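Here is what each chain is made of, one letter per residue.
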Amino acid sequence: TIQSQLPGVVRQVFVQAGDTVETGEALLTLEAMKMENEIRAESASKVEKVLVEAGQVVAAREDLVRLVPV
């Protein structure tokens, strides 16, 4: 599960459940401390569930995307 490192606002989500992602592929953009940060896949995976949507405020360590290894 990919978690937010900082509190912020989800600006854009690039994946949906069922998508296959490669290592380093952008999953979503999170705005934190007035900077936009791309949250990327750490390994090749399948998106099991997207737990946030654009415009949602998230806390530090909140789950964003659930991935399963391919």
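The rules we used
Residues numbered from 1 in each chain as written. Predicted model: local features only at pLDDT ≥ 70, side-chain atom pairs only at ≥ 80, totals over all residues. Heavy atoms only, no water. Helix = DSSP H or I, 4+ residues; strand = E, 2+ residues; numbered from the N terminus. Rg over C-alpha atoms; globule rule 2.2 N^0.38 Å. Buried < 20%, exposed > 50% of the residue type's maximum accessible area, 1.4 Å probe, protein only. Contact = heavy atoms within 4.5 Å. Areas by Shrake-Rupley, 256 points an atom, 1.4 Å probe, with all protein chains shown as cover. Lys, Arg positive; Asp, Glu negative; His and termini not counted. Charge placed at Lys NZ, Arg CZ, Asp CG, Glu CD.

**Student:** Would you mind going over the overall build of the chain in detail, with residue names and values included?
**Tutor:** From N to C terminus, the chain includes zero helices and eight strands. Overall, the chain shows an N-to-C arrangement of helices and strands of β-β-β-β-β-β-β-β. Taken over C-alpha atoms, the radius of gyration comes to 11 Å for the chain, in line with the 11 Å a tight globule of 70 residues would show. Counting only C-alpha atoms and orienting by the principal axes, one finds that the chain spans roughly 35 × 20 × 20 Å. A buried classification covers 30% of the 70 residues belonging to the chain. At a minimum sequence separation of 6, the contacts of the chain that also span at least 24 residues come to 53%. Accessible surface, the chain: about 4,400 Å² in total, of which carbon and sulfur atoms supply 47%. For the chain, the separation between the mean place of its 7 positive charges and that of its 11 negative charges on side chains is 5 Å.

**Student:** Tell me about the side chain of Ser-45, and name the residues and values.
**Tutor:** Position of Ser-45 among the secondary structure elements: in strand β6 (residues 45-50). Residue Ser-45 is classed as buried on the basis of its relative accessible area, which comes to 4%. Residues within four places of Ser-45 in sequence aside, it is in contact with Asp-19, Thr-20, Val-21, Leu-67, Val-68, Pro-69 and Val-70.

Keep in mind these numbers describe shape, not what the thing actually does.
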